[in-house]
Amino acid sequence: MTKLVTIYGGAGFVGRYIARRMAKEGWRVRVAVRRPNESLHVKPYGAVGQVEPVLCNIRDDASVLAAMQGADAVVNCVGVLTEKGKNSFAAVQSEGAARIARIAAEQGVDTLVHLSAIGADLASESEYAQTKAQGEEAILASFPSAVILRPSVIFGVEDDFFNRFAEMTKFGPVLPIVGGESKFQPVYVDDVAQAAAKAVVGDVPAGVYELGGPEVETLKGLVNKMLGLIQRRRLVVNLPSFAGDLMARGFGLAQAMTLGLFHNSILTRDQVKSLANDTIVGSDAKGFADLGITPTAMDAILPEYLWVYRDSGQYASIRDSAKNLPNA
């Protein structure tokens with residue numbers, strides 16, 4: 001019988017790539033999400049009926065159990081960058097991860113893969129990083145043989161990193177950033193999915209793996225790289241932490257005053273704290289080399305989707321070529 005994997009958050013940015021890879025491996029894929037009707041884009045990843053979105057709320061035991069019934073493997077991709085309503089950092093990244101691991105152990109699931117993040121740290125000032133670490137701790141307490149993947153910032157067509165900064169260039173000649181000197185090691189989303197898929201099929205020993213791409217760059221350097229690719233000139237201003245915190249307080253106040261009608265996904269105080277730290281693979285950490293994966297360079301992927309932000313879009317290269325034509 002074909003094996004079954006349940007992917008919690010399998011319709012999200014990283015989850016959809018894992019779902020696609022598992023379908024290609026011949027597995028049945030159950031995509032556990034809050035809104036199945038908005039996740040139908042995963043169905044064509046496999047044959048008819050091979051990939052199915054199902055309703056699940058990871059804050060509820062019965063819901064998690066129902067989505068896991070009969071699964072041979074479980075992947076947890078659920079995480080939040082900003083809190084909204086009941087989906088707090090603690091509820092999703094700590095308690096939710098603990099719930100999935102506990103129920104997986106009770107159900108006798110063979111394999112558990114958990115997506116965390118570089119920088120997960122119980123002692124961090126950032127609640128995001130704290131709850132990521134709490135989730136890892138809970139995972140290993142219930143399921144010691146789990147594979148935990150800690151990526152740096154992830155890039156790809158649907159990312160919320162390069163796309164966000166590129167979108168910001170539309171609003172003026174100045175591009176303010178916070179934590180401009182902090183270092184990142186951007187990793188391609190499908191490389192992360194490949195690591196998860198290898199873990200699901202049993203090709204990866206239990207443990208924690210930190211995943212970073214082949215390049216280490218500061219945030220300011222990455223923003224300048226993006227500007228070059230979209231052919232726009234902007235003054236990149238690296239704000240000090242206190243200024244970033246004031247901005248984040250303002251956005252938070254706007255969210256509170258509108259009773260949540262405006263959701264602050266621009267900059268939060270917790271993100272300001274996170275941006276104060278580097279997000280790169282540790283010198284003694286296991287990573288892609290231990291998984292037999294060669295990470296993809298940014299230059300191989302970024303031009304494929306950032307061209308939409310150029311003034312001439314897909315015709316920018318034609319316009320540039322025309323400049324070299326001799327005058328009639």
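The structure this text deals with has already been given above.
Residues numbered from 1 in each chain as written. Predicted model: local features only at pLDDT ≥ 70, side-chain atom pairs only at ≥ 80, totals over all residues. Heavy atoms only, no water.

1. Focus on helix 4 (residues 127–142)
- With 16 residues, helix 4 should cover 22 Å at 1.5 Å per step; its first-to-last C-alpha distance of 22 Å lies within 8% of that length.
- Taken together, the buried positions of helix 4 are Tyr 128, Ala 129, Thr 131, Lys 132, Ala 133, Gly 135, Glu 136, Ala 138 and Ile 139.
- Where helix 4 is buried, its residues contact helix 3 (89–106), strand 5 (111–115), strand 6 (147–151) and helix 9 (269–274).
- Taking the backbone nitrogen of Tyr 128 as reference, a side-chain oxygen 3.2 Å away marks Ser 126 as the first, capping residue of helix 4. (Helix = DSSP H or I, 4+ residues; strand = E, 2+ residues; numbered from the N terminus. Expected span 1.5 Å × (residues − 1). Buried < 20%, exposed > 50% of the residue type's maximum accessible area, 1.4 Å probe, protein only. Contact = heavy atoms within 4.5 Å. Polar contact = N/O pair within 3.5 Å; in protein donor to acceptor, adjacent residues only side chain to side chain.)

2. With respect to the layout of surface pockets
- In this model, the second largest pocket occupies a volume close to 230 Å³.
- If you trace the second largest pocket, you find 14 residues lining it, with Glu 83, Asn 264, Thr 268, Arg 269 and Asp 270 closest to the centre.
- Every element with two or more residues in the lining of the second largest pocket is listed here: helix 8 (241–257) and helix 9.
- Among the residues making up the lining of the second largest pocket, the classes are represented as two nonpolar, six polar and six charged. (1 Å grid on protein atoms, 1.4 Å probe; cavity = no way out; pocket = protein on both sides within 12 Å on 5 of 7 lines; lining within 4 Å. Points joined across faces, edges and corners; volume = space filled by probe spheres on them. Nonpolar A, V, L, I, M, F, W, Y, C, P; charged D, E, K, R; others polar.)

3. A short note on the nonpolar core
- Among the nonpolar cores identified, the biggest contains 70 residues, and Phe 162, Met 226 and Leu 306 are the most heavily contacted of them.
- With eight residues, the top contributor of residues to this core is helix 6 (residues 189–200).
- Sequence-distant contacts of Met 226, defined by excluding residues within four places in its chain, comprise Phe 162, Phe 165, Ala 166, Thr 169, Leu 175 and Leu 306.
- With 27 residues, the next largest nonpolar core counts Val 64, Ala 117, Tyr 128 and Ile 148 among its residues. (Core = buried A, V, L, I, M, F, W, Y, C linked by side-chain atoms within 4.5 Å.)

4. Let's talk about the packing of aromatic side chains
- Inspection of every chain in the model, using the stated rule, returns seven aromatic pairs.
- Their ring planes at 90° and their centres at 6.4 Å tell us that Phe 13 and Tyr 17 sit as a pair that is edge-to-face.
- By relative accessible area, which is 21% here, Phe 13 ends up partly exposed.
- Ring geometry for Phe 161 and Phe 184: centres 6.0 Å apart, planes at 45°, overall tilted. One end of the pair, Phe 161, is in the loop between strand 7 (154–155) and helix 5 (162–168); the other, Phe 184, is in strand 9 (residues 183–184), with 23 residues separating them in the sequence. We note that Phe 161, like Phe 184, is buried.
- Within the aromatic cluster, the residues linked to one another by ring pairs are Phe 155, Phe 161, Phe 162, Phe 165, Phe 184 and Tyr 188.
- A cation over an aromatic ring shows up here: Arg 20 above the ring of Tyr 17, its NZ or CZ 5.2 Å from the ring centre.
- Lying over the aromatic face of Tyr 45, Arg 20 brings its terminal NZ or CZ to 4.4 Å of the ring centre. (Phe/Tyr/Trp six-rings, centres within 6.5 Å; stacked < 30°, edge-to-face > 60°. Lys NZ or Arg CZ within 6 Å of the ring centre and 35° of its normal.)

5. Description of the pattern of salt bridges
- Within the structure shown, the criterion is met by 14 salt bridges.
- One salt bridge in this structure joins Arg 150 and Glu 136, with 2.8 Å as the shortest N-O distance. Remark: Glu 136 occurs in helix 4 and Arg 150 occurs in strand 6; sequence separation between them is 14 residues.
- With a closest N to O distance of 3.1 Å, Glu 167 and Lys 170 form a salt bridge.
- Looking at Glu 167, the relative accessible area reads 31%, which means it is partly exposed.
- Salt bridges linked by common partners bring Asp 61, Arg 99, Arg 102 and Glu 106 together as one network. (Salt bridge = Lys/Arg side-chain N within 4 Å of Asp/Glu carboxyl O.)

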